[in-house]
Amino acid sequence: DAGVTQSPTHLIKTRGQQVTLRCSPKSGHDTVSWYQQALGQGPQFIFQYYEEEERQRGNFPDRFSGHQFPNYSSELNVNALLLGDSALYLCASSLVSRTDTQYFGPGTRLTVL
Amino acid sequence: QKEVEQDPGPLSVPEGAIVSLNCTYSNSAFQYFMWYRQYSRKGPELLMYTYSSGNKEDGRFTAQVDKSSKYISLFIRDSQPSDSATYLCAMSGDSGGYQKVTFGTGTKLQVIP
């Protein structure tokens, strides 16, 4: 049973560029949440998708957007990259209403130069 | 004031010691309490989750929740070098079925052989 997978593993971009990160949830899960984890910090909630709609959003600007596909996989898009967007981006999957049992992917490390 | 406070450590203990990790929180709406373990450059791994107050034991790990004091703990008995990692507490409440999870900053633990 494959767990949560994310791609790419690492990414280097320059300021002002746009980036798309991808996530495939654990088999049987229908809800995907995205988190940003800066070095030495805990994960910060970006947003959560269920039934292809954004259901919850954290305190992140509109430059951060997402999408969920009918197969439950998800994308995170970040526009107009800033240096401060450099972080580990984590995807977590769960069943709806069971975010007490989220399972995380290995993350995508984004570096903005 | 952050919703979830966690001492970042680092915490160094000898092998075999009992480790106590703690978090405090301010949001009384939190009902679900989780502990994650994160190895360097990896995604968080769910260790334990509890609902409301009380204790939960799983092998060498015991999670405690005291909602009256807004205080949660994770105890690790007979600690091993392989337990060396960052431990993250996380919490969520029920908001119409879609839950936003809030993490602490993580406590870095080192178990010395």
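Presented here is an overview of the structure given in this document.

It is worth spelling out the overall build of chain B at this point. Regarding its fold elements, chain B presents 0 helices and 11 strands. Counted from the first residue to the last, chain B has its helices and strands arranged as β-β-β-β-β-β-β-β-β-β-β. Here the C-alpha atoms of chain B give a radius of gyration of 14 Å, agreeing with the 13 Å that 2.2 N^0.38 yields for 113 residues. In terms of overall dimensions, chain B has a C-alpha envelope of 45 × 30 × 25 Å along the principal axes.

Each side of the interface is counted separately: chain A has 25 residues, and chain B has 22 residues. In total, chain A and chain B occlude about 1,900 Å² of area from one another, counting both sides; carbon and sulfur atoms represent 52% of this. Counting across the interface, chain A meets chain B through 0 salt bridges. Among the elements of the structure, β4 (31-37), β5 (44-50), β6 (53-57), β9 (87-94) and β10 (103-104) of chain A are those that each provide at least two residues to the side of chain A that touches chain B. The leading source of residues in the side of chain A that touches chain B is β5(A), at 3 residues.

Attention shifts here to the sheet that holds strand β7 (residues 64-68) of chain A. All names here are of chain A. Spatial strand order, β1-β3-β8-β7: 4 strands in an open sheet with antiparallel pairing. Edge positions in the sheet fall to β1 (5-7) and β7, since each of these pairs with one other strand and no more. Strand-to-strand twist of the sheet, defined as the mean angle between neighbouring strand axes without regard to direction, takes the value 20 degrees. As judged from the 3 bridges shared by β1 and strand β3 (residues 19-24), these two strands associate in the antiparallel manner. By the bridge assignment for β3, S7 is matched with R22.

Rules used throughout
- Residues numbered from 1 in each chain as written.
- Chains lettered and ligands numbered in written order.
- Predicted model: local features only at pLDDT ≥ 70, side-chain atom pairs only at ≥ 80, totals over all residues.
- Heavy atoms only, no water.
- Helix = DSSP H or I, 4+ residues; strand = E, 2+ residues; numbered from the N terminus.
- Rg over C-alpha atoms; globule rule 2.2 N^0.38 Å.
- Contact = heavy atoms within 4.5 Å.
- Buried area = accessible area lost by both parts, 1.4 Å probe.
- Salt bridge = Lys/Arg side-chain N within 4 Å of Asp/Glu carboxyl O.
- Pairing = 2+ DSSP bridges.
- Axes fitted to C-alpha atoms, helices over the stretch in contact; angles between N-to-C directions.

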